[in-house]
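Each chain, letter by letter, is given below.
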Amino acid sequence: MAENAASGRAHPRPLSPHLQIYRWPATMATSIIHRMTGMALSAGAAILAWWLAALAAGPDQYRLFCNLAATPLGQIVLFGVLWSISFHILSGFRHLVWDIGYGFAKKTSNGVSVLIVLLSIVLATGIFALGYLKLHGGTP
Amino acid sequence: MSYRTPLAKVDGLGAAHSGVEHFWRQRVTAVALVPLSIWFVYAALGLVGADRDTALAFLHEPVNAVLLILFILATVIHMALGVQVVIEDYLPNETQKIVALMLNRAFAWAVGAVCLLAVLKIAI
């Protein structure tokens, strides 16, 4: 295909720069993270279905779910879901504000993007810490 | 017999032939999910480390069961619409796209059905 396009011409046709050429603005990162956390939350929804089904099914199934959730891998997954919710709700709320027509100025949108990333990490870590304290003693 | 012209029938429906329905449903469920998911995280945090009886008692409360059902419904609709856009954007092959779109809907329905049956079984 490239040969066909180039054949008979003295110079190859210029190519338009692809995605990796551009510097990443913060809004681009949050846009991609918003989609990724959305996809991750689909898996989170399946985990919610599993939890509810196990709860309804009986003590053995519920114990199995709780034991799996308590493993290091389970904790990592749950933290991932928690951070995904935190990010997706903050970023989603900003999307709603955008839909109304506010917050499009370059400085505002980039600044809010950085703020959303930081705030989502603080929020997820804080809530996870509350859960951890609740499980492993300490007075919250 | 309809007096509507072909132009009137497609007016405003655009390239996707479904108008702004997808967009609006995504926004409406998003607005609903702002308070609902805050409630859900709060409720889930309350049940961390709880034994089965405590979790069952929580869902025996009609208010909690209703809020969880609303959360589940808004979630699976929002999820199906959101993942659909990702599929439409990134799968160029038409056959793959149609299969993925069907699987996406099947997944959302399955998650919704399992969640609702479990909540109803516990709550009733």
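Moving on, we get to empty space enclosed by the protein. Under the counting rule described, the total for this entry stands at 1 cavity of 30 Å³ or more. Looking at the largest cavity, its volume works out to about 40 Å³. Lining the largest cavity are Ala45 and Leu48 of chain A together with Ile72, Thr75, Val76, Val111 and Cys115 of chain B. When contributions to the lining of the largest cavity are tallied by element, the ones reaching two or more residues are helix 2 (26-57) of chain A together with helix 4 (62-90) and helix 5 (94-123) of chain B. If you tally residues by element for the lining of the largest cavity, the top one is helix 4 of chain B, at 3 residues. Its residues placed into classes, the lining of the largest cavity shows 6 nonpolar, 1 polar and no charged.

The next point concerns a nonpolar patch on the surface. A cluster of nonpolar side chains, contributed by Val20, Phe23, Trp24 and Val28 of chain B, occupies part of the molecular surface with about 420 Å² of accessible area. Note on placement: phenylalanine 23 of chain B falls in helix 2 (residues 21-46).

Looking now at the pattern of salt bridges. For the coordinates displayed, the defined rule picks out 5 salt bridges over all chains. Residue arginine 63 of chain A is joined to aspartate 60 of chain A by a salt bridge in which the shortest nitrogen-to-oxygen separation is 3.4 Å. In this pair, arginine 63 of chain A and aspartate 60 of chain A are both assigned in helix 3 (residues 59-70), 3 residues apart and thus about one turn of the helix distant. Given the relative accessible area of 49%, arginine 63 of chain A is considered partly exposed. Under the relative-accessibility criterion, aspartate 60 of chain A is labelled exposed at 53%. With a closest N to O distance of 4.0 Å, glutamate 94 of chain B and lysine 97 of chain B form a salt bridge. Placement of both glutamate 94 of chain B and lysine 97 of chain B in helix 5 is noted, with a separation of 3 residues, approximately one turn of the helix.

Reading guide: rules and limits
Residues numbered from 1 in each chain as written. Chains lettered and ligands numbered in written order. Predicted model: local features only at pLDDT ≥ 70, side-chain atom pairs only at ≥ 80, totals over all residues. Heavy atoms only, no water. 1 Å grid on protein atoms, 1.4 Å probe; cavity = no way out; pocket = protein on both sides within 12 Å on 5 of 7 lines; lining within 4 Å. Points joined across faces, edges and corners; volume = space filled by probe spheres on them. Helix = DSSP H or I, 4+ residues; strand = E, 2+ residues; numbered from the N terminus. Nonpolar A, V, L, I, M, F, W, Y, C, P; charged D, E, K, R; others polar. Patch = residues over 30% accessible without salt bridge, like charges linked within 9 Å, V, L, I, M, F, W, Y side chains within 5 Å. Areas by Shrake-Rupley, 256 points an atom, 1.4 Å probe, with all protein chains shown as cover. Salt bridge = Lys/Arg side-chain N within 4 Å of Asp/Glu carboxyl O. Buried < 20%, exposed > 50% of the residue type's maximum accessible area, 1.4 Å probe, protein only.

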